[in-house]
Amino acid sequence: MVTGGTGFLGQHVVSALRADDDTTVVAVGRSDYDLLEDAAVDQLLADHSPDAVVHLAAKVGGIIANRDYPADFYYENIMINTRMLHACHVRKVPKFLTFMGGCSYPSTAKSPISEDQMWNGYPQEESAAYSTAKKMMLVQSAAYRKQYDYNSVVLIPGNVYGEHDNFNTEYSHVIPAMIRRYIEARETNQSSIYCYGSGRPTRDFVYAKDVAALVPWFLENYNSSEPVNLSSGTRTSIKDLAEWVRELTGYQGELDWDPSKPDGQIDKIFAVNRMKELGLSCPTPLREGLQHTIKWFEEARQRGEVRL
């Protein structure tokens, strides 16, 4: 069973799991069960009796939404996560797997960021309410393993992008935000686009299908509360990203950078040694993943299937 199975990453995970004809996958979303309610969590597990739960249900959003609604992001995530893992333990669901964001690492973490840096400081202030709520999954997983020998796994993807992402201007992350802005600017013949900061910061982007493809392996083979980073492990500057999206969307205007605006954390790349030691990788090059994402966005927008 995949909670959040109708969301961005959830749709990719459901597809990856259904690739195995012997696996029955139940995908549930917020409209099916309100996981903020104990009774709904119990009913969910009673209705489906899963052999494994991939827990992706979460309240997510971009930096603006996190800044404006920190209490909502903290409360909803801490409650959903705590209830789900506890209920799976009580009902003896054999395996629980969940994701947390790389934003939960300390804002002072040194790149490439390895899993052992998780507790060396506080996350970036703007999204700390969300980040710390998600971070508690590591604590709960380890605690329930120690006391109850409950088998739960926490994975940490990098900056995930791809088809089915959220392109809403308030809740989107950088790649879907750029794709939408550039395509709309192309269509309205805007001569330039305003860009925040200098473009110097570097980030580690990972294609959603690559992340999702690893979930079956972790369900079958990984039985530890030690987290694992899942990412490309490659640096891309925001300026390079902007130029690639401009090229791939066909936008002909100028990019006007305003270096007087803050850049935020300059370098944030994830160490992927632990993932590679397990014989795994996230291999899709960024430009290729961007091409797939842009093509999907343009076609899905025409069908009215994009969250705007």
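What comes next concerns the included structure. What you see is a predicted model, and the numbers here were worked out from it, not measured in a lab.

Cut-offs applied
- Residues numbered from 1 in each chain as written.
- Predicted model: local features only at pLDDT ≥ 70, side-chain atom pairs only at ≥ 80, totals over all residues.
- Heavy atoms only, no water.
- Helix = DSSP H or I, 4+ residues; strand = E, 2+ residues; numbered from the N terminus.
- Rg over C-alpha atoms; globule rule 2.2 N^0.38 Å.
- Buried < 20%, exposed > 50% of the residue type's maximum accessible area, 1.4 Å probe, protein only.
- Contact = heavy atoms within 4.5 Å.
- Lys, Arg positive; Asp, Glu negative; His and termini not counted.
- Charge placed at Lys NZ, Arg CZ, Asp CG, Glu CD.
- Expected span 1.5 Å × (residues − 1).
- Arc of directions from axis to C-beta.
- 1 Å grid on protein atoms, 1.4 Å probe; cavity = no way out; pocket = protein on both sides within 12 Å on 5 of 7 lines; lining within 4 Å.
- Points joined across faces, edges and corners; volume = space filled by probe spheres on them.
- Pairing = 2+ DSSP bridges.
- Axes fitted to C-alpha atoms, helices over the stretch in contact; angles between N-to-C directions.
- Parallel < 35°, antiparallel > 145°, perpendicular 65-115°, else oblique.
- Left-handed = near helix turned anticlockwise from the far one by under 90°.
- Nonpolar A, V, L, I, M, F, W, Y, C, P; charged D, E, K, R; others polar.

Take the overall build of the protein chain next. Secondary structure summary: the protein chain contains 10 helices and 13 strands in total. Computed over the C-alpha atoms, the radius of gyration of the protein chain is 19 Å, within 12% of the 19 Å expected from 2.2 N^0.38 for a compact globule of 308 residues. Dimensions of the protein chain, computed from C-alpha atoms along their principal axes, come out at roughly 60 × 45 × 40 Å. Sorting the 308 residues of the protein chain into buried and exposed places 54% on the buried side. The long-range share in the protein chain, meaning contacts at least 24 apart out of those at least 6 apart in sequence, stands at 79%. In the protein chain, the 31 positive side-chain charges and the 40 negative ones have mean positions that sit 3 Å from each other.

Its 18 residues give helix α10 (residues 286-303) an end-to-end C-alpha distance of 25 Å, which sits within 8% of 26 Å, the value for a rise of 1.5 Å per residue. Taken together, the buried positions of α10 are Leu 286, Gly 289, Leu 290, Thr 293, Ile 294, Trp 296, Phe 297, Ala 300 and Arg 301. Buried residues in α10, looked at end-on, bunch into an arc of 170°, giving them a common side. In α10, the exposed positions that point more than 90 degrees away from the buried face belong to Lys 295 and Gln 302.

This part takes up the layout of surface pockets. Rolled over the atoms, a probe as big as a water molecule pinpoints where empty space is left. Roughly 440 Å³ of volume is contained in the second largest pocket. Taken together, 18 residues line the second largest pocket, and the ones lying closest to its centre are Met 1, Thr 23, Thr 24, Ala 52 and Leu 219. The element contributing the most residues to the lining of the second largest pocket is helix α7 (residues 208-221), with 3 residues.

Bringing the sheet that holds strand β8 (residues 202-203) into the picture now. The sheet built from 3 strands is open, its strands ordered β11-β8-β13 with mixed pairing. Every interior strand has two partners, whereas the edge strands, β11 (236-237) and β13 (267-268), have only one. Bridge analysis of β8 against β11 gives 2 bridges, and the strand direction is antiparallel. Bridging from a neighbouring strand, Thr 202 pairs with Ser 237 of β11.

Here we come to the pairing of strand β3 (residues 52-55). Bridge count for strand β1 (residues 2-3) against β3 is 2 bridges, and the pairing is parallel. The residue bridging Val 2 from the neighbouring strand is Val 54, located in β3. For β3 and strand β4 (residues 95-99), the ladder comprises 4 bridges, and the chain directions are parallel. Bridge pairing links Val 53 to Phe 96 in β4.

All right, on to the packing of helix α4 (residues 70-90) against helix α5 (residues 128-148) then. Closest axis-to-axis distance for the α4/α5 pair is 8 Å, and the angle between their directions is 20°. By the angle between their axes, α4 is roughly parallel relative to α5. Relative to α5, α4 is oriented so that their crossing is right-handed. Taking contact as the criterion, the partners of Pro 70, Phe 73, Tyr 74, Asn 77, Ile 78, Asn 81, Thr 82, Leu 85, His 86 and His 89 in α4 are, on α5, Ala 129, Tyr 130, Thr 132, Ala 133, Lys 134, Met 136, Met 137, Gln 140, Ser 141, Tyr 144 and Tyr 148. Looking at the contact of α4 with α5 residue by residue, the classes come out as 12 nonpolar, 8 polar and 1 charged.

Looking now at the sheet that holds strand β2 (residues 27-28). With parallel pairing, 6 strands are arranged side by side in an open sheet as β2-β1-β3-β4-β5-β10. For this open sheet the edge positions go to β2 and β10 (228-230), each flanked by a neighbour on one side alone. Sheet strands touched by α4: β1, β3, β4 and β5 (152-157). Its angle to β3, the strand with the most contacts, is close to 175°. Relative to β5, α5 is tilted by about 155°, and along the sheet it contacts β4 and β5.

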